[in-house]
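A look at the structure
Listed below, chain by chain, are the residues.
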Amino acid sequence: MINVIGLGYIGLPTALMFAENGIEVVGTDYNESLVNLLKRGELTFEEEGLNDLLASALLKGIEFTNEYVKANTYIVAVPTPYVKESKKIDLKYVISAINSILDVCEKGSTIVIESTISPGTIDKFIKNEITNKGFNVGVDIHLVHAPERIIPGKMIYELENNSRTIGAEDKEIGEKVKELYSQFCNSEIIVTDIRTAEMSKVVENTYRDINIAFANELAKICRTDNMDVYEIIETANKHPRVNILQPGPGVGGHCISVDPWFLVGDYPDLTNLILSARKINDSMPSHVLGRMRDIMREHGIKDITKIGLYGLTYKEDVDDIRESPTLQLLEKMDEHLAYGVKVFDPFVKERVVEHQFMNFEDFLNEIEIIVILVSHTHIKQNMDLLKTKHILDTKNICSFESAYKL
Ligand code: SAJ
């Protein structure tokens, strides 16, 4: 039996996939209202195919609870933020989950950590927690790191089709966990040591952050001399060994904008490139702000309340707003501009910022400049409604000649 700890963006789909494939699963989360919703077959976030998967897993017997239960395998999928000042990983949720597992588990259990952790975390911190509780690591408790790799918007497809890494000290345990994941993962599953699994996960997200930072830096260079960064990237990418990502209003979400900091926090003298990339990506909301000012100046618009920000989520067609470029931009605006800019996002149904509109037409009626910050399918399908507006298109989705770009 598997006990999945943490029923958020990663833990829930993973638990459901195991249950769907005939494995006995109990999902545990400390959030009581979340547990009650899941029991009723309701979700707290949108993800394609997840509703049906939840309904099917419930029929197959998945259980949700606030309690930790006895199981042979525990899968930990709790958040791992970083401490703002030191940039080091904040392990409070992981440590608390491990301790609660140790309160109920039997000797011989395996704890699989799926949450992204900074390289060395298991060796330096998790093992101590376990030893301090009187368990012998490698004998009473087996530790495995199996970092998740799924992308919001395509989670179910990627759970089945992405390759996985399993880091284990004991190869035999690693093979057993591989066997478990191969119930639903149809791609290659590599078994390696824990440190390699920890490091390669952080490296994957850091690589993407650096690539996006390069695109963002190119966007700034191109802006100064009026070159088309999108055409330049597209042309360069025709080269068989070049693959530059797209510039944008910043990097959000709980992964790419967080994980590189683990390396900066642990290796401050060795992470010049990684730190620069973080800084470039974090500077993009200010760049957008500068572009907004350019447009206001050009059209003699002084009233900030005539500006509308489209999109609050960290990327297209998801409802997750964590660390989103729009929230970063609003934070910056407080310092520089009078407050009053309007905001709309079709995926965000609760009021999370001031002057947030719940109706798209009402939002459009109030504004003269629209800043497209997220390329939701919704805006692509409603582009015609923007014809009378000044458009700042930070995602390069608008084909109107008059649209301003990054
Ligand atoms: N972004 C750009 N330009 C691009 C691509 C993305 O500006 O060309 C921005 C997005 O708009 C968003 C941010 O970057 O604000 C991050 O989005 P993303 O789609 O790049 O990645 P995430 O955070 O949704 O998911 C990543 C994935 N990691 C990699 O692709 C290496 C996913 O596979 C991981 O499972 C996930 O992090 C995680 O949980 O670690």
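Scoring rules and cut-offs
- Chains are numbered independently. Their residues run from 1 in the order of the written sequence.
- pLDDT decides what is reported in this predicted model: residues at 70 or higher carry local features, side-chain atom pairs at 80 or more are listed and counted, and totals for whole chains, interfaces and linings draw on all residues regardless.
- Hydrogens are left out, water is left out, and the side-chain values use all remaining heavy atoms of the structure.
- We define the nonpolar core as a collection of buried residues of types Ala, Val, Leu, Ile, Met, Phe, Trp, Tyr and Cys that are connected through side-chain atoms lying within 4.5 Å of one another.
- The cut-offs for exposure are 20% and 50% of the maximum accessible area for each residue type, with area from a 1.4 Å probe on protein chains only; residues under the lower value are buried, those over the upper are exposed, and the others partly exposed.
- Counting from the N terminus, the helices are the DSSP runs of H or I reaching at least four residues and the strands are the DSSP runs of E reaching at least two.
- What makes two residues a contact is simply this: any of their non-hydrogen atoms within 4.5 Å.
- A pair of strands is considered paired only if DSSP assigns at least 2 bridges between the two.
- Annotation comment: domain bounds sourced from an automatic or database domain assignment.
- The term buried area means the drop in 1.4 Å probe accessible area that two parts suffer when joined, counted for both and summed.
- One speaks of a salt bridge when a side-chain nitrogen belonging to Lys or Arg is within 4 Å of a carboxyl oxygen belonging to Asp or Glu.
- Put simply, a residue is near a molecule or strand once any heavy atom of it comes within 4 Å of that molecule or strand.
- Here a polar contact is taken to be a pair of N or O atoms separated by no more than 3.5 Å, where protein atoms must pair a possible hydrogen donor with a possible acceptor and residues adjacent in sequence count only if both atoms sit in side chains.
- Nonpolar residues are Ala, Val, Leu, Ile, Met, Phe, Trp, Tyr, Cys and Pro. Charged residues are Asp, Glu, Lys and Arg, and all others, Gly as well, are polar.
- Every axis in this analysis is a line fitted to C-alpha atoms, fitted for helices over the stretch in contact. Angles between the N-to-C directions lie between 0 and 180 degrees.
- Note on patches: the residues involved have over 30% relative accessible area and no salt bridge, like charges join within 9 Å, and the nonpolar side chains Val, Leu, Ile, Met, Phe, Trp and Tyr join within 5 Å.
- Each accessible area is a Shrake-Rupley estimate made with a 1.4 Å probe; only the visible protein chains count as cover when residues are assessed.
- Any angle that is under 35 degrees is reported as roughly parallel, and any over 145 degrees as roughly antiparallel; angles of 65 to 115 degrees are reported as roughly perpendicular and all others as oblique.
- For any helix crossing, the convention is left-handed if the near helix is rotated counterclockwise from the far helix by under a right angle, and right-handed if that rotation is clockwise.

Quick look at the nonpolar core now. If you look at the biggest cluster of nonpolar residues, it comprises 41 residues, and the most contacted ones within it are Leu 16, Phe 18, Val 25, Ile 62, Phe 64, Ile 166 and Tyr 181. Among the elements that line this core, the one with the most residues is helix α1 (residues 11–20), at six residues. Among all residues touching Ile 62, those that are not within four sequence positions of it are Ala 15, Leu 16, Ala 19, Val 25 and Ala 57. Within the second largest apolar cluster, 33 residues are counted, among which are Ala 219, Met 284, Ile 304 and Val 341.

Reading across from one edge, β11-β10-β9-β12-β13-β14 is the order of the six strands in this open sheet, with parallel pairing throughout. In the strand order of this sheet, the two ends are held by β11 (356–357) and β14 (404–405), each with one partner. As defined by bridge partners, strand β9 (residues 307–310) adjoins strand β10 (residues 342–344) across three bridges and the pair is classed as parallel. Pairing of Leu 309 across the sheet is with Val 343, part of β10.

Another point: the domain arrangement of the protein chain. When the domains of the protein chain are assigned, the result is domain 1 (2–192) and domain 2 (216–405). Computed from C-alpha coordinates alone, the two centres of domain 1 and domain 2 are separated by 33 Å. On the side of domain 2, 17 residues touch domain 1, which itself brings 19 residues to the contact. Area buried by domain 1 at its contact with domain 2 is led by Glu 46, Tyr 82 and Lys 87, which between them contribute 34% of it. Linking domain 1 to domain 2 there are two salt bridges.

A positive phi angle, close to 55 degrees, is found at Glu 323, a residue other than glycine. Tracing the backbone through its elements, the reader meets Glu 323 in the loop between β9 and α12 (325–336). Classification of Glu 323 by relative accessible area gives partly exposed; the value is 35%. Positive phi, normally seen in glycine, also occurs at His 355, with a value near 55 degrees. Within the secondary structure, His 355 is located in the loop between β10 and β11.

Quick look at the site of the ligand now. In the vicinity of the ligand there are 20 residues, among which Glu 148, Arg 149, Lys 201, Arg 208 and Tyr 314 approach most closely. The contact in question runs from an oxygen atom of the ligand to an N or O atom on the side chain of Lys 201, over 2.6 Å. Here Lys 315 contributes a side-chain N or O atom positioned 2.9 Å from an oxygen atom of the ligand. Across the shell around the ligand, the residue classes tally to nine nonpolar, four polar and seven charged. A domain-level breakdown of the shell around the ligand finds at least three residues from each of domain 1 (2–192) and domain 2 (216–405).

What follows covers the sheet that holds strand β6 (residues 141–145). Ordered in space as β3-β2-β1-β4-β5-β6-β7-β8, the eight strands form an open sheet in which the pairing is mixed. Of all the strands in the sheet, just β3 (63–65) and β8 (189–192) have a single pairing partner and so form its edges. Along the sheet, successive strands turn relative to each other by an average axial angle of 20 degrees, direction set aside. Sheet topology places strand β1 (residues 2–5) next to strand β2 (residues 25–28); four bridges connect them, and they run parallel. Bridge pairing in β2 links Ile 2 to Val 25. Sitting on the sheet, helix α8 (residues 194–224) touches β6, β7 (164–168) and β8, and the angle it makes with β7 is about 140 degrees.

The next subject is a nonpolar patch on the surface. There is a patch of nonpolar side chains on the surface, built from Ile 221, Met 227 and Ile 232 and spanning about 250 Å² of accessible area. Within the secondary structure, Ile 221 is located in helix α8.

Once that is clear, we can look at the packing of helix α4 (residues 92–104) against helix α5 (residues 121–132). One way to put it is that α4 packs onto α5 with a least axis distance of 10 Å and a crossing angle of 30 degrees. In terms of orientation, α4 lies roughly parallel with respect to α5. Both α4 and α5 take part in a crossing whose hand is right-handed. Taking contact as the criterion, the partners of Val 94, Ile 95, Ile 98, Asn 99 and Leu 102 in α4 are, on α5, Ile 126, Glu 129 and Ile 130.

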